[in-house]
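In case you want the letters, here they are:
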Amino acid sequence: MTSTANFKAAQNRLTITVLVKFTNANKEDENFEKRFSFFQDYEGNAQLTGSKLTEVVDFIFNRITQDIINESLAKW
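Here the structure is a predicted model, which means the values were calculated and not measured. (Residues numbered from 1 in each chain as written. Predicted model: local features only at pLDDT ≥ 70, side-chain atom pairs only at ≥ 80, totals over all residues. Heavy atoms only, no water.)

A. Region of the structure containing the side chain of Ser72. Mapping Ser72 onto the fold places it in helix α1 (residues 50-73). A distance of 3.2 Å separates the side chain of Ser72 from the backbone oxygen of Ile69, its partner in a polar contact. For Ser72, the contacting residues outside a window of four places in its chain are Phe22 and Phe32. (Helix = DSSP H or I, 4+ residues; strand = E, 2+ residues; numbered from the N terminus. Polar contact = N/O pair within 3.5 Å; in protein donor to acceptor, adjacent residues only side chain to side chain. Contact = heavy atoms within 4.5 Å.)

B. Layout of the side chain of Asn24. Following the sequence through the fold, Asn24 ends up in the loop between β2 (9-22) and β3 (32-43). A polar atom in the side chain of Asn24 sits 3.0 Å from the backbone nitrogen of Asn26. Sequence-distant contacts of Asn24, that is, excluding residues within four places in its chain, are made with Glu30 and Asn31.

C. Summary view of the pattern of salt bridges. By the definition in use, this model includes 3 salt bridges. For Glu71, the salt bridge is made with Lys34, and the minimal N-O distance between the two is 3.2 Å. Placement of Glu71 in helix α1 and of Lys34 in strand β3 is noted, with a sequence separation of 37 residues between them. Its relative accessible area of 34% is what places Glu71 among the partly exposed residues. Note that Glu55 and Lys52 form a salt bridge whose closest N and O atoms lie 3.8 Å from each other. Pair noted here: Glu55 and Lys52 are both in helix α1, with a separation of 3 residues, about one helical turn. (Salt bridge = Lys/Arg side-chain N within 4 Å of Asp/Glu carboxyl O. Buried < 20%, exposed > 50% of the residue type's maximum accessible area, 1.4 Å probe, protein only.)

All quantities given are derived from atomic positions and should not be read as evidence of function.
Set out below in structure tokens:
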């Protein structure tokens, strides 16, 4: 995401995007197909592996899930 004077990454970003197709059988005008995305920044010298990767992925999916729920229930 950004670089240092040595042309090394000072900060990296993991972004996850999902495509959701929502169908409301009762109100078809509320149907949507939309991309939801979220990211997490981390230090350029860090490696996302093991439990740290799981933690970041869980955080991102949690945020995406909240966005999907908010979008699908917004008109209730």
